[in-house]
Amino acid sequence: MSALSTSSDGFRLHGEPFRIISGAMHYFRIHPDQWADRLRKARLMGLNTVETYVPWNLHQPEPGTLVLDGFLDLPRYLRLAESEGLHVLLRPGPYICAEWDGGGLPSWLTTDTDIRLRTSDPRFTDALDRYLDLLLPPLLPHLAASGGPVIAVQVENEYGAYGDDTAYLEHLARSLRTRGVEELLFTCDQADPEHLAAGSLPGVLTTGTFGSRITESLAQLRAHQPEGPLMCAEFWIGWFDHWGEPHHVRDAADAAADLDRLLSAGASVNIYMFHGGTNFGFTNGANHDHAYEPIVTSYDYDAALTESGDPGPKYHAFREVIARHAPVPDEPAPAPSRKLPPTAVELTRRVSLLAHASVLAKPVRVDADPVTMEELGLRAGYALYRTTVPVSGAGVLRFAGGVGDRAQVFVDGAPVGVLERERHEEALPVRLPRAGATLDVLVENMGGVNYGPRIGSRKGLLGPVTFDGTALHGWDCHPLAMDADAMDADADADADADAVGSVPFASAQSPAESPVDAGPAFHHGTFEVRTPADTFLSLPGWTKGQAWINGFHLGRYWNRGPQRTLYVPAPVLRPGTNELVLLELQATTEPRVHLTDTPDLGPVKP
Ligand code: GLA
């Protein structure tokens, strides 16, 4: 029996009138040692519920598997929520959007271009059902029917913005039910008649996603669903950032006034986000409408709790609003956490990536055209393509179909240009100094599209490469996964530095390699910590790359901005000596980076 039910104008929990005051917080974007802290702060703001998506791509990196530990120990997250007295709204997708790589659809699935994603195509629903067969049994004890905290489960995500295959939604609802989910089911869609109609399912509660125009949006919901609870399943109180755009913020007083409007109207709410967290590793998604636009590493979202878990202006403003409508714990609001004293880290060792590519990955030889990252079995990271060019002279290198997503081109090790999917670039004028020169193309996957019809777009070199019309055949393709598995691994500071563990810092260091030499390279440095605390990695003078501390993959940095610092959660640090590794793709003017006590997410829109 479902603990949560609906009446003509609201929810009932165990038969009593109940209003959901929830906040979104994705366990997979927060270091697991910080889950308890963040959940406590949710309760202290006055939330009675937290909401989370479930990312299929991480929980099932290969068909037939299920990863449920470290960052992905969802049962533990649910237990912690319960011990904080919080209810949980679970949004298992299978598609989650969320500015998350591929919208959460695993790349082993999206690689098969024949499969019609998010439809009743049996090749999609079979894969989905096999996943639910593994995912749901360990979650069932945490559903309210078994005494656990999960009171409702979402079916798909904003499906009305994507398709109208009601049979698929019915299949999904049935799949949840037949595998033991008795809780209230709901759909969520943007609050307009078309989306609500296409994404709703008879017998399943419809909720809306909106951040403003509260009265109009609630009216749209009411017009669609004449009775039952009104719920904003995503009340957008901030927004996400793309590389190269200003940092998004929303005024706290404005967001709080809209929260008050929602609660005054008697609606239930899920604040998106209460705490955004971080796209650690290679987990960020991308938009692709007219152009490809990858999401930055921070998912701060200008949320109530900042990326580092500190209460921001919205935390206090929302707490005040909630207190007008519901009981808020009579305990002091949390204070910001201690930060590490600022320090500089010298990067003293450097190893060229191009010179050591075959140590990092065994190349796959193809006799004709280069193959995509998917064909190399790469879920994320980089691929280095190497060939010998039989001709010389000035001409144009053409990459048919473009690149996914950013390619750096080198001739005999010297950089000759960059092509970006963002700018629709497919051609590069070059001068080849000699017949027999080595052409290297280092391609970066900048994140899988998470919204719209382009989910699953290919990465790497996407077609034949020609030089002035002559096809370049015969490539060594190096799959440089770096650490696609980082989030599966142990999350503590003692985890093996698998990610970059094979970088030959000790043996291959050339005395001639100075930190400020140009060209893609790994840089290594150490720093001392007395007592671990949160800190922010600031990289002035560095261009673009990835950062790891003690083997933990913090994510991508880029001087294009807006984001200028990377969040370093305290639990990845250890007392004593800590290791920093950077993969710098271009060049640095500085042989050092800084650990600061203040985040810098970049300039906001004037
Ligand atoms: C939609 C999606 C969410 C997220 C937000 C924007 O509402 O459902 O997953 O992508 O947009 O942050």
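Keep in mind it's a predicted model, so treat the numbers as computed, not measured.

Analysis parameters
Residues numbered from 1 in each chain as written. Predicted model: local features only at pLDDT ≥ 70, side-chain atom pairs only at ≥ 80, totals over all residues. Heavy atoms only, no water. UniProt positions renumbered as here; feature names shortened; annotations may be inferred. Helix = DSSP H or I, 4+ residues; strand = E, 2+ residues; numbered from the N terminus. Core = buried A, V, L, I, M, F, W, Y, C linked by side-chain atoms within 4.5 Å. Buried < 20%, exposed > 50% of the residue type's maximum accessible area, 1.4 Å probe, protein only. Near = heavy atom within 4 Å. Polar contact = N/O pair within 3.5 Å; in protein donor to acceptor, adjacent residues only side chain to side chain. Areas by Shrake-Rupley, 256 points an atom, 1.4 Å probe, with all protein chains shown as cover. Nonpolar A, V, L, I, M, F, W, Y, C, P; charged D, E, K, R; others polar. Expected span 1.5 Å × (residues − 1). Contact = heavy atoms within 4.5 Å.

Some points on the UniProt feature "domain: Glycoside hydrolase 35 catalytic" (unreviewed entry) in the protein
This chain's UniProt record puts "domain: Glycoside hydrolase 35 catalytic" (unreviewed entry) on residues 11–323. Across residues 11–323, helical content stands at 33% and strand content at 19%; the span's end C-alpha atoms are separated by 20 Å.

Some thoughts on the nonpolar core
Nonpolar side chains in soluble globular proteins generally cluster together in the buried interior. Of all hydrophobic cores here, the largest spans 119 residues; its most connected members are Leu537 and Leu582. Broken down by element, this core gets its largest block of residues, eight residues, from helix H5 (residues 122–139). Ranked by size, the runner-up nonpolar core spans 28 residues in total, among them Val403, Val411, Val430 and Phe467.

Considerations on the site of the ligand
Taken together, the neighbourhood of the ligand is formed by 14 residues, with Tyr53, Ala98, Glu99, Glu234 and Tyr301 sitting nearest. Here an oxygen atom of the ligand and a backbone polar atom of Ala98 are 2.8 Å apart. The contact in question runs from an oxygen atom of the ligand to an N or O atom on the side chain of Glu99, over 2.6 Å. In isolation the ligand offers 310 Å² of accessible surface; the protein chains occlude 96% of this area. Grouping the amino acids of the shell around the ligand by side-chain chemistry returns ten nonpolar, one polar and three charged.

Some words on unusual backbone geometry
Residue Gly404 is joined to Asp405 through a cis peptide bond whose omega torsion reads 10°. Positionally, Asp405 belongs in the loop between strand E19 (403–404) and strand E20 (406–411). Positive phi is not limited to glycine here, since Arg213 has a value of about 45°. Looking at the secondary structure, you find Arg213 in the loop between strand E9 (205–210) and helix H8 (214–224). The backbone of Asp468 shows a phi angle near 50°, a positive value even though the residue is not glycine. By secondary structure assignment, the location of Asp468 is in the loop between strand E26 (465–467) and strand E27 (470–471).

A look at helix H10 (residues 313–325)
The first and last C-alpha atoms of H10 sit 19 Å apart over 13 residues, in line with the 18 Å expected at 1.5 Å per residue. Buried residues along H10 sit against strand E4 (21–25), helix H1 (35–45), helix H9 (252–264) and strand E11 (268–275).

A short note on the UniProt feature "active site" (unreviewed entry) in the protein
Mapped onto this numbering, the UniProt entry annotates "active site" (unreviewed entry) at Glu158 and Glu234. Despite a sequence span of 77 residues, these residues sit close together in the fold, their greatest C-alpha distance being 10.4 Å. Considering the arrangement of structural elements, one finds Glu158 in the loop between strand E7 (150–154) and helix H6 (166–178). When its relative accessible area of 8% is taken as the criterion, Glu158 is described as buried. Ignoring any residue separated from it by four or fewer positions in sequence, one finds Glu158 in contact with Arg118, Cys188, Asp189, Gln190, Thr209, Trp236 and Tyr451. Checked against the element boundaries, Glu234 lands in strand E10 (residues 231–236). Setting aside residues up to four positions removed in sequence, Glu234 forms contacts with Tyr53, Arg91, Asn157, Cys188, Gly208, Thr209, Phe210, Asn270 and Tyr272.

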